[in-house]
Amino acid sequence: MTLLVRPISRDEFIRAFRLCKPLVPWPETIAIGNSGGPDSTGLLFLLHRYFSENLHVSNLPRRVVSLHVDHGLQVASGDMAKRCTNNAKSMGVEHHVLKVPWSKDGFPKLPTEGPLEHSARLARYRVLFDGMTQVNASILALGHHADDQVETSLMRIMKGSTQDGAAGMKHCRRWGMNFGYFGAGGPMDYEGMRRWIIRPLLTFPKDRLLATCEENKLSYVTDETNFQPELTLRNALRQWLANDGKQSESDKHLLNVSILRNKLAALDIDIDPSGGVGQIRSAVNALTLQADDIDHEVDFMLSRNALRSPPGTYLITHRSLASIENPKVQRAIILRILRYASFHPWGSLAAQVNRRTNSLSQIVNKLWGGNPFEEQIRPFCAGGGVSWTPVAISGDKFRFIDRGSNGNINFRNSETFGWLASRQNPPSHETMSGHGFTNPLRVDITSRILSKLDSGDTASLEVLYDNRFIVTMNLASIPPEIEKSIRNPDNRIWLLSQTRWFWPKVVLKSQNQDDVILHSAAQSPKNLVLFHNLSPSEVDQWKQIYWRPYEKEIVAPWIEVDFMRPLTTM
C-alpha cells in the first residue's frame, strides 16, 4: 500500500519559519529567489499565505517579493521567466525578472562551454543581491529542502570537507562579504554583513513540496538540466540517490562512489550510501543538529568571556579555555575567533584557515597546552591572517611579557596567563610595492568623497577597510575647509593603519605640508555580541567592558570608525 504524501501544513511551516530568525528583527519585506520550479514556487506560496493570514501579528514581515534571475544560458530561459512571472502574478505577489548583465558591471563574458555552474551561481547571487537592494529587502529566502541538504552534504564530502561542512546548510546565515561577487571591493563587502539568507524548507523532503504544489494547484516549471547527471556533481548525486545507489555510465563521469565511501569512512561519519536517501537524510540531519548544539555551546562560552581588548582583537584566559574539554567545541571556538579577527572576507574559508586540520590542531595544541611562558611558546600564526600572542591578564587588563636577561618570567600578583588573537602583521609597504602588490592598509578615498559631493549626494559615505572596519563619513557635515582642500589635486584623504592592531586613521595628505590626522578613534559596535543567551544586565556588562574609550584619540564629529566583524554564530 502506497502512503499518501502530505502537503506542508500551516503549523508545520510556522515552526520551520521560526528556525530562520536572524539576530535582528524581521524586516517589513522578504525577497525570495524564485526559479519557477516546485521548490521556490511552494515556498513563495507558503510565505505569502503565512504573512497574509497573520497581518495582526507583530514582528513579522508584511510582504514577500519574488525575484527571478534570467541567466540567458538556455534557449528556454525567456519562456521560463514568463511562466515564473505569471505564477507569481496569480498569487498576487510582486515579481521582478532580473537579467544577468554578462560582460558588464564586473561580470565575466557569457559562458558558452565547459562547466557553467560556478559562474552561473556567482552571477545569480550577485543579481539577487542587487534585486534585494531594488525592493528594499534585507533577507533572501531560498527553497532548498531536505533532499538538497543531503546532496549538499555529500558534495562537500566529495570535495574534501570535514564534518563541519558535512552538516550542510543552515536555516539562517549572514550573507557575508564577497558572496556572489566577481572581483573584490564594492558595496557587497559591507552591505552583505547587514543581509541574511534563510532556508525555511530544510526540514521538508522534496515530495512534501510537490504535494503542496498539487494540493494548492500551483503551476511550476521544470528545468530539465537538473536531471542530466553528466553536467554537475549535484545532478550525478541526485540521480544516484533517486536510483537507490545504482549508477549508469553517465553518473560515473562525475561521481565515483568508491571515493565517496572512502571519504565517509575517513571522516567517521555514520552514513551508508546503500541505505537509500531516507537513511542518508537522517544521518545528515543528525550532523546538522550536532553542529547547531556546538554553535550554541560556543556562543555560551564566548558570551561569558567579557574581557576588554582593543577593537579587532579577542582576549581569553587559559582558565576559560581549560574548562572546554570537547575537541569539537575547541575546534569550533578557534574557528569562530579566527573568523572574527581575520582580515580575509568574513564568511570565507580563508578567514578560517580553510578549515585545514593541521593548522587547527596546531592552534588547539598550543592554546590548550600548558603555560606558554614556561614552555617558551612565542607568538605564532597558523593561517587565516590571525596572530596568537601569549599575554598576562589581570582583571580587565593585559600586558605583553618579555623575558628578562636571565630568561625568567615574572608574573605579578593576581595575574594569570591567556591568549590574544589579533590581525597578522602584514608585509611592509616597501615589500608589497616591490612585488607589485597594492597595500590594502593604504587607501586613497578622495575620489569617492568628491564623486558623492559633486553628484549632490550628501548621504553618508561608507568605506570598508581591511575587511574589518567600516569608515562612515557624514558628507553633509564635512568641514568647508576640508572640502576646499581636497579639491586641490595635490591634497588627498587617505585611510592608513595605526597602532599594532592596524586600526584605520583618516589622514589629510598635502604635497608640501605635514600630514594632518583628521580622525583616529576606533570602536566596536554593540551589536557584534548580541548572543541569544545574554540577559539585559549581561549585555550592559559587555558594553561597559568592551567599549571602554582609549586615550589620545582624535575624533572628527563627521567621521566614525567601527569594527564590523561579529563574534556570534551568524
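Residues numbered from 1 in each chain as written. Predicted model: local features only at pLDDT ≥ 70, side-chain atom pairs only at ≥ 80, totals over all residues. Heavy atoms only, no water.

The chain is annotated in an unreviewed UniProt entry as tRNA(Ile)-lysidine synthetase of Lentinula lateritia. In the Catalytic activity (unreviewed entry) part of its UniProt record, the chain is described as follows: "cytidine(34) in tRNA(Ile2) + L-lysine + ATP = lysidine(34) in tRNA(Ile2) + AMP + diphosphate + H(+)". (UniProt positions renumbered as here; feature names shortened; annotations may be inferred.)

For the chain, the count of helices and strands is 19 helices and 18 strands. Out of the 570 residues in the chain, the part that is buried amounts to 52%. Taking the intrachain contacts of the chain between residues at least 6 apart in sequence as the baseline, contacts between residues at least 24 apart amount to 69%. (Helix = DSSP H or I, 4+ residues; strand = E, 2+ residues; numbered from the N terminus. Buried < 20%, exposed > 50% of the residue type's maximum accessible area, 1.4 Å probe, protein only. Contact = heavy atoms within 4.5 Å.)

Our focus in this paragraph is the packing of aromatic side chains. This structure, assessed with the given rule, holds 15 aromatic pairs. Look at Phe 17 and Phe 51: their rings are 5.8 Å apart centre to centre, the planes differ by 75°, and that puts the pair in the edge-to-face class. Taken together, the residues Phe 17 in helix α1 (residues 10–18) and Phe 51 in helix α2 (residues 38–53) connect sequence positions 34 residues apart. Take Phe 17 and Phe 51: they sit in the same class, and that class is buried. Measuring from ring centre to ring centre gives 5.2 Å for Phe 129 and Trp 175, while their planes differ by 65°; the resulting arrangement is edge-to-face. Placement of Phe 129 in helix α4 (residues 117–135) and of Trp 175 in the loop between β5 (172–174) and α7 (188–191) is noted, with a sequence separation of 46 residues between them. Like Trp 175, Phe 129 is buried. Among the aromatic side chains, those forming a connected cluster through ring pairs are Phe 13, Phe 17, Trp 26, Tyr 50 and Phe 51. The lysine or arginine in question, Lys 366, covers the ring of Phe 380, its NZ or CZ lying 4.2 Å from the ring centre. (Phe/Tyr/Trp six-rings, centres within 6.5 Å; stacked < 30°, edge-to-face > 60°. Lys NZ or Arg CZ within 6 Å of the ring centre and 35° of its normal.)

Before going further, it helps to spend a moment on the layout of surface pockets. Computed from the structure, the second largest pocket encloses a volume of approximately 600 Å³. Around the second largest pocket sit 23 residues that line it, and Leu 19, Lys 170, His 171, Thr 288 and Asp 292 are the ones nearest its centre. The set of elements that each furnish at least two residues to the lining of the second largest pocket consists of α5 (146–158) and α12 (276–303). Residue contributions to the lining of the second largest pocket peak at nine residues, all from α12. A per-class count over the lining of the second largest pocket returns eight nonpolar, nine polar and six charged. (1 Å grid on protein atoms, 1.4 Å probe; cavity = no way out; pocket = protein on both sides within 12 Å on 5 of 7 lines; lining within 4 Å. Points joined across faces, edges and corners; volume = space filled by probe spheres on them. Nonpolar A, V, L, I, M, F, W, Y, C, P; charged D, E, K, R; others polar.)

Once that is clear, we can look at the sheet that holds strand β17 (residues 516–519). The strand order across the open sheet built from four strands is β12-β15-β16-β17, with neighbouring strands paired in antiparallel fashion. Edge positions in the sheet fall to β12 (443–444) and β17, since each has one partner strand and no second. Where β12 and strand β15 (residues 491–498) come together, two bridges link them in antiparallel fashion. Its bridge partner being in β15, Asp 444 is matched across the sheet by Trp 494. Packing of helix α17 (residues 446–454) onto the sheet brings it into contact with β12 and β15, and relative to β15 it is tilted by some 130°. (Pairing = 2+ DSSP bridges. Axes fitted to C-alpha atoms, helices over the stretch in contact; angles between N-to-C directions.)

What follows covers the pairing of β15. Here eight bridges tie β15 to strand β16 (residues 503–510), and the two strands are oriented antiparallel to one another. When the sheet's bridge partners are listed, Leu 496 is paired in β16 with Lys 505.

The next thing to look at is the environment of Leu 453. Here Leu 453 shows up in helix α17. Leu 453 sits in the buried class, given a relative accessible area of 14%. Residues Leu 453 and Leu 475, 22 residues apart in the sequence, show an inter-C-alpha distance of 7.4 Å. Setting aside its immediate chain neighbours within four residues, Leu 453 contacts Leu 475, Ile 478, Glu 483 and Arg 487.

In this section: the sheet that holds strand β13 (residues 461–465). If you trace the three strands from one edge of the open sheet to the other, you get β13-β14-β18, paired in antiparallel fashion. Only two strands of the sheet have a single neighbouring strand rather than two, namely β13 and β18 (559–563). The average undirected angle you get between the axes of adjacent strands in this sheet is 20°. Examined bridge by bridge, strand β14 (residues 469–473) and β18 share five bridges and lie antiparallel to one another. Looking at β18, one finds that Ile 470 is bridged to Asp 562.

Side chains of a nonpolar character, in soluble globular proteins, are inclined to be buried together. The biggest cluster of nonpolar side chains holds 65 residues, and the ones touching the most others in it are Ile 334, Leu 367, Trp 388, Ile 449, Met 473, Ile 493 and Ile 559. Among the elements that take part in this core, helix α14 (residues 327–341) stands out by supplying nine residues, more than any other. Dropping the residues within four chain positions of it, Ile 493 is found in contact with Val 443, Asp 444, Ile 445, Thr 446, Ile 449, Met 473, Ile 482, Ile 486, Val 506, Val 507, Leu 508 and Leu 518. (Core = buried A, V, L, I, M, F, W, Y, C linked by side-chain atoms within 4.5 Å.)

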